[in-house]
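Chains, contacts and geometry: an overview
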Amino acid sequence: MEQQVLSRVMVECSALGFQAVITSLLAVACAGLWRRQRRPYFLTWALAWGLYALRLASMSTYLVHRDPVWLAVHQTLTGLVALLLLFAALQFSRDLRWHPGFLWLGLLALLWGWGSIYVIHSMVAAGIVSVLLLSFVTAWTGATFWRHRARVPSRSAPVLAWTFWLWSLHHLDYPLLRRFGNGALYGVFADVLFIVVTALGTLFLVLGDERRKLAGRNEQLEQLTRLLLRAQEDERRRIARELHDEAGQLLTVVKMELDLDNRTEASALVSRVLSKVRDLSNLLRPAALDDLGLLPALRDLVQDFAKRTRVEATIETAGSARKFAPELEVAIYRVVQEALTNIMRHSDARTVQVRLDVAPREVTVQVRDDGTGAADAVTPNLGMLFMRERVTELGGALDVGPVGPADGIAGRGGFRVLARIPLPAED
């Protein structure tokens with residue numbers, strides 16, 4: 001008989017030890033996450049699972065020595081773990097902050113743990129009251145995750161809610177459905193199942209929350225970039241207008257006066273400065289884009305590029321002509337402008353082709369060259385990033401890279417910038 005009792009104690013201690021290993025690993029994992037991210041609920045989960053492992057150790061010690069002090073420690077740690085799991089759920093769901101007043105709850109758990117063993121002389125009564133309180137706190141934790149699901153769409157929150165609700169029911173079977181010591185293995189492995197599901201559920205819940213926060217930050221960044229691009233375009237328009245209207249007109253007046261005084265050398269210098277001012281004004285914001293439209297502005301841009309670089313540059317258009325929204329016209333113009341700038345800086349191209357295709361639901365702009373500077377041109381730079389952002393803001397896609405063998409110009413390969421932007425349906 002004594003051998004059977006000893007064997008059962010060994011089996012139960014082994015099961016509790018297995019459960020303690022799992023909870024200890026969870027405590028270490030949560031502590032590591034807290035060190036990396038400094039989220040307070042990770043620290044609370046680490047403390048909860050660490051105390052859970054100590055709770056199991058105290059129960060194993062009680063089974064071996066039958067000293068009631070270890071049972072009192074077990075009762076105290078059980079209450080503390082339940083309160084910490086509830087506090088972690090509230091920290092995650094409602095951003096609950098730590099308050100020194102919460103120490104009273106820990107003190108109450110300590111008093112109850114020792115009082116249930118040394119004050120209440122009926123183990124059955126003490127056990128019933130303890131598991132009722134434990135089940136209430138566990139069910140409250142489940143309700144916290146359920147309310148979180150109602151505020152924030154999540155698949156993990158309902159799983160956690162039902163897990164804690166079922167766990168709260170499982171707590172009741174210790175004094176109500178089984179005599180003390182019977183079915184201990186069933187209880188341990190049921191607890192292991194609940195612990196594993198809880199750990200996985202909290203992991204996916206945190207990952208989902210981080211993903212939502214990251215998506216929110218990305219959206220804010222996209223909005224900031226759009227505002228930056230619009231502010232940049234407005235500032236370019238303002239500076240170009242001032243250069244054209246103020247500086248250009250003043251330089252023109254000075255040139256006329258110099259011509260009247262037959263000061264040809266000074267007049268030639270002013271003429272060169274005036275030409276540079278007009279080029280700078282056109283680079284910042286071409287007047288043709290506002291006055292004549294997209295196609296004339298693109299033709300002027302390509303012709304000016306060919307004139308300045310002595311590269312054979314052509315422009316082709318296909319599809320039905322239609323009026324685009326100002327944002328779309330600016331985006332197309334800047335794509336071509338930035339592509340030509342990269343060719344001028346990074347490529348030894350001899351020929352450049354610009355093509356604009358307008359389909360009923362999409363506009364495609366392509367800039368190809370036969371140069372060899374693809375490796376340098378594909379390196380990310382501010383102009384390239386802004387070009388991509390302009391296209392993606394309009395729901396389009398930008399493809400930048402070497403030209404394939406079938407698309408090369410004059411057999412030299414080359415580089416291509418291809419932007420596809422969807423068009424709204426015509427009325």
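My aim in this report is to walk through the structure given alongside it, one point at a time. Not measured: the values here are computed from a predicted model.

Quick notes on the rules
- Residues numbered from 1 in each chain as written.
- Predicted model: local features only at pLDDT ≥ 70, side-chain atom pairs only at ≥ 80, totals over all residues.
- Heavy atoms only, no water.
- Helix = DSSP H or I, 4+ residues; strand = E, 2+ residues; numbered from the N terminus.
- Buried < 20%, exposed > 50% of the residue type's maximum accessible area, 1.4 Å probe, protein only.
- Contact = heavy atoms within 4.5 Å.
- Areas by Shrake-Rupley, 256 points an atom, 1.4 Å probe, with all protein chains shown as cover.
- Axes fitted to C-alpha atoms, helices over the stretch in contact; angles between N-to-C directions.
- Left-handed = near helix turned anticlockwise from the far one by under 90°.
- Nonpolar A, V, L, I, M, F, W, Y, C, P; charged D, E, K, R; others polar.
- Pairing = 2+ DSSP bridges.
- Parallel < 35°, antiparallel > 145°, perpendicular 65-115°, else oblique.
- Phe/Tyr/Trp six-rings, centres within 6.5 Å; stacked < 30°, edge-to-face > 60°.

Let us look at the overall build of the chain. Within the chain, the regular secondary structure consists of 13 helices and five strands. Within the chain, buried positions represent 42% of all 427 residues. Within the chain, residue pairs in contact and separated by at least 24 positions form 70% of the contacts whose partners lie at least 6 positions apart. Carbon together with sulfur atoms contributes 63% to the accessible area of the chain, which is approximately 24200 Å² in total.

Quick look at the packing of helix α3 (residues 68-94) against helix α4 (residues 103-118) now. Two numbers describe how α3 lies on α4: the axes approach to 8 Å, and their chain directions differ by 145°. Handedness of the α3/α4 crossing: right-handed. Here Pro 68, Val 69, Leu 71, Ala 72, Val 73, Gln 75, Thr 76, Gly 79, Leu 80 and Leu 83 of α3 lie close against α4, whose contacting residues are Leu 105, Gly 106, Ala 109, Leu 110, Gly 113, Trp 114, Ser 116, Ile 117 and Tyr 118. Its residues assigned to classes, the contact of α3 with α4 shows 13 nonpolar, six polar and no charged.

What follows is about the sheet that holds strand β5 (residues 415-422). Pairing is mixed in the open sheet, where five strands are placed in the order β1-β2-β3-β5-β4. The open sheet has two edge strands, β1 (312-319) and β4 (397-402), and neither has a second partner. Pairwise comparison of adjacent strand axes, ignoring direction, gives a mean angle of 10° for this sheet. Taken together, the seven bridges between strand β2 (residues 351-358) and strand β3 (residues 362-369) define a ladder with antiparallel strand orientation. Bridging from a neighbouring strand, Val 358 pairs with Val 363 of β3. Seen against the sheet, helix α10 (residues 294-309) touches β1 and β2 and runs at an angle of roughly 160° to β1. Against the sheet, helix α11 (residues 326-346) touches β2, β3 and β5, its axis set at about 10° to β3.

Below, the discussion takes up unusual backbone geometry. The backbone of Asp 95 shows a phi angle near 55°, a positive value even though the residue is not glycine. Structurally, Asp 95 can be placed in the loop between α3 and α4. A positive phi angle, near 60°, is found at Arg 310, a position not held by glycine. Residue placement: Arg 310 occurs in the loop between α10 and β1. By relative accessible area, which is 80% here, Arg 310 ends up exposed.

As a packed pair, α10 and α11 sit with axes 10 Å apart at the nearest point and diverge in direction by 10°. Considering their axes alone, α10 and α11 lie roughly parallel with respect to each other. Of the residues in α11, those touching α10 at Leu 294, Ala 297, Leu 298, Leu 301, Phe 305, Arg 308 and Thr 309 are Glu 329, Ile 332, Tyr 333, Val 336, Gln 337, Leu 340, Ile 343 and Met 344. Split into classes, the residues belonging to the contact of α10 with α11 amount to eleven nonpolar, two polar and two charged.

In the structure shown here, the tally under the stated rule is 15 aromatic pairs. For the ring pair Trp 146 and Trp 165, a centre distance of 5.7 Å and an interplane angle of 40° mean the geometry is tilted. Residue Trp 146 is found in helix α5 (residues 123-151), and its partner Trp 165 is found in helix α6 (residues 156-172); the two are separated by 19 residues along the sequence. Taking relative accessible area as the criterion, Trp 165 reaches 24% and is therefore assigned partly exposed.

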